[in-house]
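Letter by letter, the chains look like this.
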Amino acid sequence: MCHGPLFSKIIMFAIPLILSGVLQLLFNAADIVVVGRFTGSHALAAVGSTSSLINLLVNLFIGVSVGANVLLGKFCGAQDYKNASETVHTAIYIAIWGGVIMIFAGLILARPLLELMGTPMDVIDLSVLYMRIYFIGMPAFMIYNFGAAILRAVGDTKRPLYFLTVAGVVNVLFNLLFVIVFKMGVAGVALATIISETISAGLIILSLMQSDGILRLHLKEMKFHKDKVAGMLKIGLPAGLQGMIFNISNVLIQSSVNSFGSVVMAGNTAASNIEGFVYTSMNAIYQTSLSFTSQNMGAKQYHRIDKILLQCLGVVTAVGLVLGVGAFLCGHTLLGIYSSSEDVITHGISRLSVVSASYFLCGIMDVMVGSLRGMGYSIMPMLVSLTGACLFRVIWIFTIFQMEHTLFSLYISYPISWILTFSAHVICYLVVRRKALLKAA
């Protein structure tokens, strides 16, 4: 990452990340398609209504995994192998205990939070059941995400892809078995997800235990190294808090969607899932920007930072435009995979026309954040993102949306918030870049 031409390395790093993200999304997509096709629109709405809430609860730990990625990347760039090894063992230890904590959070908070979101009575029992079963698999979910962050930090994006391929096939097979054969409905798809995530987590642990050098995991050496925890939290806590508060705005938007009824909820769920494939592809470029920037900062290759940012911005714009606009243009066909109801498909297209078609703006915003975090600045992009995107959307929901209670007025808040936030991030980057150059001098 620290020497030679960048563009080809960025592409080679990002492609397995994109495919890994797509496979991970297929877990949820398989859930949604199977219940939508074989159980009905109420089950489809039930599974979809939990997505923003699940993201809200897990984002703090996912942010800490970002901190682990940046910290390990800097130690590897500086060839500090002792601290790098301690970072690996601390990260996996956090993942295990974080997953255990999340089991209890999901079991206890599922119903009260879904009720707070205004989940309709004809959906809420199914939503609670799905969410409680899903959270039993949180330790496996955390181990995989922290393990994948560790591998990405040293440039390995292929092994997580292989592991997810195996787990994804297992997930689809068990979805079909539990829902079609055993008639388990939302409980079946949640159980299938747990099994597949356990497999991917197990493969990650085995690969780290069998790795050579700094990545080698010794189970007896797992513990909290205070300085490593502090380093991860310095970068990861603001990122996690940003993700949590971002999802508060998404929960409010989901609550607003819920007010239109279960059919609109089902259409929104299907469209959101399609957009997830666009987002995860762009998020791979964010991860690329983060990893490349952190390693070059650790190696004191400051002159490469601008090139990394510009090339990642170009790639994410192309990916966002092709996939986002393509999803809208093919919306009727894609939504038909999730549901045969014309009403559901119509409401799904109304979302795709606004959010998916402008999604490249979100990718541009995230790449700016990745560059700033890779340079070691996490609080600044957190504050900007929370103000420009989260707070703006909350204000929008309680003002504009109340005056014009339509889906369009709700969805248009997304692209407007992305433009505002990206503009502010550009100013932040110019300030941070100047500090980095002064430090180099």
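Residues numbered from 1 in each chain as written. Predicted model: local features only at pLDDT ≥ 70, side-chain atom pairs only at ≥ 80, totals over all residues. Heavy atoms only, no water.

## Observations regarding the overall build of the chain
Looking only at helices and strands, the chain features 18 helices and zero strands. Over its C-alpha trace the chain gives a radius of gyration of 21 Å, about what one expects of a compact globule, namely 22 Å for 441 residues. By the burial criterion, 60% of the 441 residues in the chain qualify as buried. Put simply, 85% of the contacts in the chain that link residues at least 6 apart link residues at least 24 apart. Only carbon and sulfur atoms are counted for the fraction: they give 71% of the accessible area of the chain, which is about 17000 Å². In the chain, 26 side chains carry a positive charge and 17 a negative one; their mean positions are 13 Å apart. (Helix = DSSP H or I, 4+ residues; strand = E, 2+ residues; numbered from the N terminus. Rg over C-alpha atoms; globule rule 2.2 N^0.38 Å. Buried < 20%, exposed > 50% of the residue type's maximum accessible area, 1.4 Å probe, protein only. Contact = heavy atoms within 4.5 Å. Areas by Shrake-Rupley, 256 points an atom, 1.4 Å probe, with all protein chains shown as cover. Lys, Arg positive; Asp, Glu negative; His and termini not counted. Charge placed at Lys NZ, Arg CZ, Asp CG, Glu CD.)

## Some thoughts on the packing of helix H10 (residues 262–298) against helix H12 (residues 331–338)
For the pair H10 and H12, interaxial distance at closest approach is 9 Å and the crossing angle is 115°. Between H10 and H12, the angle falls in the class roughly perpendicular. Seen along the crossing, H10 lies across H12 with a hand that is right-handed. Contact residues: H10 offers Ala270, Ala271, Asn273, Ile274 and Phe277, while H12 offers Leu334, Leu335 and Tyr338. (Axes fitted to C-alpha atoms, helices over the stretch in contact; angles between N-to-C directions. Parallel < 35°, antiparallel > 145°, perpendicular 65-115°, else oblique. Left-handed = near helix turned anticlockwise from the far one by under 90°.)

## Regarding a nonpolar patch on the surface
On the surface, Phe38, Val172, Leu176, Leu177, Ile180, Val181, Phe182 and Met184 cluster together into a nonpolar patch covering about 660 Å² of accessible area. At five residues, the largest contribution of residues to the nonpolar patch is made by helix H7 (residues 158–181). Along the polypeptide, Val172 turns up in helix H7. (Patch = residues over 30% accessible without salt bridge, like charges linked within 9 Å, V, L, I, M, F, W, Y side chains within 5 Å. Salt bridge = Lys/Arg side-chain N within 4 Å of Asp/Glu carboxyl O.)

## Regarding the side chain of His89
Its place among the elements puts His89 in helix H4 (residues 81–116). Among the polar contacts made by the side chain of His89, one reaches the main-chain amide nitrogen of His218 at a distance of 3.0 Å. Beyond its immediate stretch of four places on either side in the chain, His89 contacts Arg216, Leu217, His218, Glu221, Met222 and Lys223. (Polar contact = N/O pair within 3.5 Å; in protein donor to acceptor, adjacent residues only side chain to side chain.)

## Remarks on the domain arrangement of the chain
Along its sequence, the chain is organised into domain 1 (1–224) and domain 2 (238–440). On a C-alpha basis, the centroid separation for the pair domain 1 and domain 2 is 20 Å. Each partner contributes residues to the interface: domain 1 has 53 residues there, and domain 2 has 50 residues. Taken together, the two surfaces of domain 1 and domain 2 that pack against each other cover about 4400 Å², and 69% of this comes from carbon and sulfur. In this structure, the connection of domain 1 to domain 2 is made through zero salt bridges. Summed over the shared surface of domain 1 and domain 2, the number is two residue pairs in polar contact (both at pLDDT 80 or more). (Domains from an automatic or database assignment. Buried area = accessible area lost by both parts, 1.4 Å probe.)

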